[in-house]
Amino acid sequence: MAAILKNSVSLPSKPQYRVCVTRFLTWNGNRPINEETLREYFKYLGSFMSPASVRLAKTSIKLWILKTHSKRNDLNFRNGIQAFFREIKVSKPNITVSDSKLLSERELKLLIRKLPLKYSLILRVLYGTGSRVSEVLSIKIVNCKHLKTHIETKVIGKGGKEHVLIISKDLFERIGKVFGGKEFLFENSSTGKPYTRQLVHRNFNDVGLRELKRRVYPHQTRHSRISHLLRQGKPIDAVSRFANHFDPSFTAKVYGQNKLQAKEILDSCYI
């Protein structure tokens, strides 16, 4: 797959690929697979799916067609398919972060108190590093470098970009005592593998619904951390590097929806 879509932003996992292809074949039935039916299908998906999900379906179905309907050396066919799928436009998703996606300081502290200890520690690292849950769960102990004031570790982030995470020594030592991992920092002792995203998501959501009366998911900690740093007046280029964004303008676009409160506006007016 990677060879076919070397310029693609992201590739579907095998389960995602199977689901997307199966859904398309079920919808299409016995009709021929041609430009007309494909355009009709993606228009149908766009009526109820998010742009990101439609893009995933586009990538999966294109891969399936290239894999099953072309000869290995039929470059004209492959180029034609690539060109056709490029013509199918999907609306861009709304990537701005609203207040509803953020957790306040009070909410974060409450979650830390109410979550089971292991998940409370995961939340503290997620917020502290501003990282994605997959990055935090992939931390290997062997990659953790003990410096004078903190622990530094490298992980592979979104898009294959290397990302440096900084964790306090006290927090790192506590995690080691609680988890006792041999390979991964957040290791499941019964499997020897890291905790799964699904487990973390389920625990966060259960406690969020019970204590905050709202859904809580791991990625909210990243949104919240980045937004809080900007609200504290940290330079946007520094925050962008902290978040491992490709460009400060992206950080500004996504998190620039944070609004000044009325009191902030009045207090900052000197005339």
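None of these values were measured; they are calculated from a predicted model.

*Asks:* What exactly am I supposed to notice about the overall build of the protein here?
*Replies:* Scanning the protein from terminus to terminus reveals 13 helices and 5 strands. The principal-axis extents of the C-alpha atoms in the protein amount to approximately 60 × 60 × 35 Å. Here the protein holds 271 residues, and the buried ones make up 39% of them. Total accessible area on the protein is roughly 16,800 Å²; 54% of this is exposed by carbon and sulfur atoms. Averaging the coordinates of the 50 positive side-chain charges in the protein and doing the same for the 21 negative ones gives two points 4 Å apart.

*Asks:* Where do I start with helix H1 (residues 14-28) in this structure?
*Replies:* In an α-helix, one full turn covers 3.6 residues, which means residues spaced three or four apart are oriented alike. Between its first and last C-alpha atoms H1 spans 21 Å; for 15 residues at 1.5 Å apiece the expected length is 21 Å, and the two agree. Every buried residue of H1 is accounted for by Tyr17, Cys20, Val21, Phe24 and Asn28. Projected onto a plane normal to the axis of H1, the buried residues spread over an arc of 90 degrees and lie on a single side. Where H1 is buried, its residues contact helix H2 (35-46) and helix H3 (51-68).

Calculation notes
- Residues numbered from 1 in each chain as written.
- Predicted model: local features only at pLDDT ≥ 70, side-chain atom pairs only at ≥ 80, totals over all residues.
- Heavy atoms only, no water.
- Helix = DSSP H or I, 4+ residues; strand = E, 2+ residues; numbered from the N terminus.
- Buried < 20%, exposed > 50% of the residue type's maximum accessible area, 1.4 Å probe, protein only.
- Areas by Shrake-Rupley, 256 points an atom, 1.4 Å probe, with all protein chains shown as cover.
- Lys, Arg positive; Asp, Glu negative; His and termini not counted.
- Charge placed at Lys NZ, Arg CZ, Asp CG, Glu CD.
- Expected span 1.5 Å × (residues − 1).
- Arc of directions from axis to C-beta.
- Contact = heavy atoms within 4.5 Å.

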